[in-house]
Amino acid sequence: MVVVLLLAGVWTYLEFSINRIDALPGDYDGRPAAAEGTNWLIVGSDSREGLDADQQSELSTGDTGGKRTDTIMIAHIPDNDTPATLLSLPRDSRVPIPGHGVNKINAAFSFGGAPLLARTVEQATGLRLDHYAEIGFGGFAGIVDAVGGVEMDIPERMHDTKTGITIPQGTQTLDGRQALGFVRMRYSEATPRSDLDRVANQRRFIGALASEIASPATLLNPFATVPLIGGVADALILDTDDHLHHLLGLAWAMRGIGDGGVVTTTVPVTSASAEQWDPGRSEALFEALRGDTPIPESLITQ
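Note on numbering: residues in each chain are counted from 1, in written sequence order. The predicted nature of this model means local features are confined to residues of pLDDT at least 70 and side-chain atom pairs, given and counted, to a pLDDT of 80 or more, with totals for whole chains, interfaces and linings taken over all residues. In computing side-chain values, all of the structure's heavy atoms are included and hydrogens and water are not.

A. Representation of the overall build of the chain in the model. Check the secondary structure of the chain and you find 10 helices and 13 strands. As defined in this context, the radius of gyration uses C-alpha atoms, and a globule is described by 2.2 Å times the residue total to the power 0.38. On C-alpha atoms alone, the chain measures out to a radius of gyration of 19 Å, which is about the 19 Å that the 2.2 N^0.38 rule sets for 302 residues. With the C-alpha coordinates of the chain rotated into their principal frame, the extents come out at 50 × 50 × 35 Å. Under the scheme applied here, a residue whose accessible area is under 20% of the maximum for its type counts as buried, over 50% as exposed, and between as partly exposed, the area being computed with a 1.4 Å probe on protein chains only. Within the span of the chain, comprising 302 residues, buried residues form 50% of the whole. Under the scheme used here, helices are H or I runs from DSSP no shorter than 4 residues and strands are E runs no shorter than 2 residues, and both carry numbers assigned from the N terminus.

Now the structure itself:
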């Protein structure tokens, strides 16, 4: 009975503590019809909200004003036994933004926040979005620190000439500051493809973080789970219609990233600048997601 009451208390705390906004657009002319599966829009924003000057310096966030997207992903959870997909949309992708002409996709977030970004993504991909999750710089670092860091194998030394962050080569445990530097890094000899390497590293890290959170060392350790629960509640922003069971469904579907059980890829682009999507290949990828059919190997890029 004590365990049941404890679990119910934790569930209730999370359900009512997680931040929510009206993120997804309502019906509009030309909105994609609901298709197979469930689609999450996952956004990593460069918001420095809640960080004082010392914390911004410690995390090497810079002091850029406003709020933009460092990360834009679609997580597709199929209704059948097709593997789930985590799809990166490079932030420099040039797409039509309703009311603002053609611009980089992350500009939609600056122009109109989550609702305009969600509508832009829907119209660019033809995928109807069902759920929304957003996390800022401070919240991301806090979750990593709450689980005691995340172990990563770094193939070669990484040094970002813009932020000054250096990550040595080899297997090591990244703390929140290092993890934030890793998922943001693109000005480095270790990331010659710039944003394409960055989004690939972001998917790698999400897999490692998911494995760390799901490990018995975390779940069975109250000194890890209590800070993690508090960190998740403070860090995440969901859509007003999203609830904890939706979030758990996403986590369960994404649990196989580390062992290859989830397809991870980037929208096919025409060049290393990642500004233009390949029309034929990207549409074939979106069509596979709409129909819950396997994505052809020729469309998967890392």
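Here the narrative resumes, following the displayed structure.
B. Representation of the packing of aromatic side chains within the structure. Here the aromatic set is Phe, Tyr and Trp, taking the six-membered ring for Trp, and pairing holds for ring centres within 6.5 Å; pairs whose planes are under 30 degrees apart are stacked, those over 60 apart are edge-to-face, and all others are tilted. Within this structure, the stated rule accounts for three aromatic pairs. On the numbers, 5.5 Å between centres and 50 degrees between planes, the contact of F140 with F205 is tilted. Residue F140 is found in helix α4 (residues 137-146), and its partner F205 is found in helix α6 (residues 195-214); the two are separated by 65 residues along the sequence. Neither residue differs from the other here; F140 and F205 are each classed as buried. Between F182 and F205 the ring centres are 6.3 Å apart and the planes differ by 50 degrees, which places this aromatic pair in the tilted class. In this pair, F182 sits in helix α5 (residues 176-184) while F205 sits in helix α6, placing the two residues 23 residues apart along the sequence. The pair F182 / F205 is uniform in exposure class, with both members buried. In this structure an aromatic cluster arises from ring pairing among F140, F182 and F205. Sitting over a ring, as applied to charges here, requires NZ of Lys or CZ of Arg to be within 6 Å of the ring centre and within 35 degrees of the ring normal. Stacked on the ring of Y28, the Lys or Arg R119 has its end atom at 4.1 Å from the ring centre.

C. Up close: empty space enclosed by the protein. Only protein atoms enter the calculation, which uses a 1 Å grid: trapped sets of points that fit a 1.4 Å probe without letting it out are cavities, open sets showing protein on both sides within 12 Å along at least five of seven lines are pockets, and any residue with an atom within 4 Å of a point is a lining residue. Grid points are joined across faces, edges and corners, and a volume is the space filled by probe spheres set on the points. Using the criterion set out here, one finds one cavity of 30 Å³ or more in the structure. Quantified by volume, the largest cavity comes out at close to 30 Å³. In this structure, the largest cavity is lined by D70, T71, I72, L89, P90, R91, D195, R198, V199 and Q202. Sorting the residues of the lining of the largest cavity by element identifies β3 (69-77) and α6 as the ones contributing at least two each. At four residues, the largest contribution of residues to the lining of the largest cavity is made by α6. When the residues that make up the lining of the largest cavity are grouped by side-chain class, the tally is four nonpolar, two polar and four charged. Under this grouping Gly is polar, as are all residues other than the nonpolar Ala, Val, Leu, Ile, Met, Phe, Trp, Tyr, Cys and Pro and the charged Asp, Glu, Lys and Arg.

D. Region of the structure containing the packing of α4 against α5. Remark: α4 packs on α5, axes separated minimally by 8 Å, with the N-to-C direction vectors making an angle of 125 degrees. One way to sum up the angle between α4 and α5 is to call them oblique. Here α4 and α5 pass one another in a crossing that is right-handed. Only G176, A179, L180, V183 and R184 of α5 make contact with α4, whose side of the interface consists of F137, F140, A141, V144 and D145. Lines are fitted to the C-alpha atoms to define the axes, a helix being fitted only along its stretch in contact, and any angle between axes, read from their N-to-C directions, falls within 0 to 180 degrees. An angle counts as roughly parallel when it lies under 35 degrees, as roughly antiparallel when it exceeds 145, as roughly perpendicular when it falls between 65 and 115, and as oblique in every other case. Should the near helix be turned counterclockwise from the far one by less than a right angle, the crossing is left-handed, whereas a clockwise turn marks it as right-handed. Two residues form a contact once any of their heavy atoms are found within 4.5 Å.

E. Focus on the pattern of salt bridges. Salt bridge criterion: a side-chain nitrogen from Lys or Arg within 4 Å of a carboxyl oxygen from Asp or Glu. Counted according to the given criterion, the structure contains 12 salt bridges. Here D27 and R31 are joined by a salt bridge, their closest N and O atoms 3.6 Å apart. Classification of D27 by relative accessible area gives exposed; the value is 68%. Of the residues examined, R31 reaches a relative accessible area of 16% and is grouped as buried. When the shortest N-O distance is used, the salt bridge between D27 and R128 registers 3.1 Å. Note that D27 is positioned in the loop between β1 (19-21) and β2 (38-45) and R128 in the loop between α3 (107-125) and β7 (131-135), a separation of 101 residues in sequence. Residue R128 is classed as partly exposed on the basis of its relative accessible area of 22%. Connected through shared salt-bridge partners, D70, R91, R184, D195 and R198 make up one network.

F. Structural detail: the environment of G9. Turning to its location among the elements, G9 is positioned in helix α1 (residues 2-17). Each C-alpha atom of the pair G9 and E134 lies 24 Å from the other, and the pair is 125 residues apart in sequence.

G. Quick peek at the nonpolar core. The definition of a nonpolar core used throughout is a set of buried Ala, Val, Leu, Ile, Met, Phe, Trp, Tyr and Cys residues joined through side-chain atoms within 4.5 Å. Counting 46 residues, the largest nonpolar core has W40, F182, F205 and M254 as the members making the most contacts within it. Ranked by the residues each element gives to this core, the list is headed by α4, at five residues. Beyond its immediate chain neighbours, meaning those up to four positions away, F182 contacts M152, I154, M158, I167, L174, N201, R204 and F205. L41, L87, V267 and I295 belong to the second-largest nonpolar core, a separate cluster that totals 33 residues.

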